[in-house]
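# Structural overview for review
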Amino acid sequence: MYNMNDYRAALRERDSHDMESTEWKLGQMKVQSIMATMVACGSRQMVGEVMEEVYSLNDCGFEFEDVAVQFDIWLLESNGHGEEAQELRELDWV
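A few points on the structure. (Residues numbered from 1 in each chain as written. Predicted model: local features only at pLDDT ≥ 70, side-chain atom pairs only at ≥ 80, totals over all residues. Heavy atoms only, no water.)

### Remarks on the overall build of the protein
In terms of helices and strands, the protein carries five helices and zero strands. In sequence order, the secondary structure elements of the protein are arranged as α-α-α-α-α. For 94 residues, the compact-globule estimate of 2.2 N^0.38 gives 12 Å, and the protein sits close to it at 13 Å. When its C-alpha atoms are laid out on the principal axes, the protein stretches across 35 × 30 × 15 Å. The 94 residues of the protein split such that 37% are buried. Taking contacts inside the protein between residues at least 6 apart in sequence as the whole, the part at least 24 apart equals 58%. When the accessible area of the protein is evaluated, it comes to approximately 5800 Å², of which 50% is carbon and sulfur surface. Taken together, the 7 basic and 20 acidic charged side chains of the protein have centroids lying 8 Å from each other. (Helix = DSSP H or I, 4+ residues; strand = E, 2+ residues; numbered from the N terminus. Rg over C-alpha atoms; globule rule 2.2 N^0.38 Å. Buried < 20%, exposed > 50% of the residue type's maximum accessible area, 1.4 Å probe, protein only. Contact = heavy atoms within 4.5 Å. Areas by Shrake-Rupley, 256 points an atom, 1.4 Å probe, with all protein chains shown as cover. Lys, Arg positive; Asp, Glu negative; His and termini not counted. Charge placed at Lys NZ, Arg CZ, Asp CG, Glu CD.)

Interpretation in functional terms is not warranted from these geometric data alone.
Structure, rendered in structure tokens:
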């Protein structure tokens, strides 16, 4: 099973590439896979990380319909974290 060290290493690897490059996109897929596995395995720490990511996306002006936002909300909701997903839906979106 993955842990937070794996997650942080994947973030560093992804961030070593230019945003939206092929390598960055592959790194993002790895990050999301680790996130999904950890949330599905019940990691409350990762649930918190997912929520913080959505708060950051919101602060950066992302729209609710953005793929990254929708993925994170789906990830929480589909793994039994409906209250957290609802909290994120209720943010002041652009």
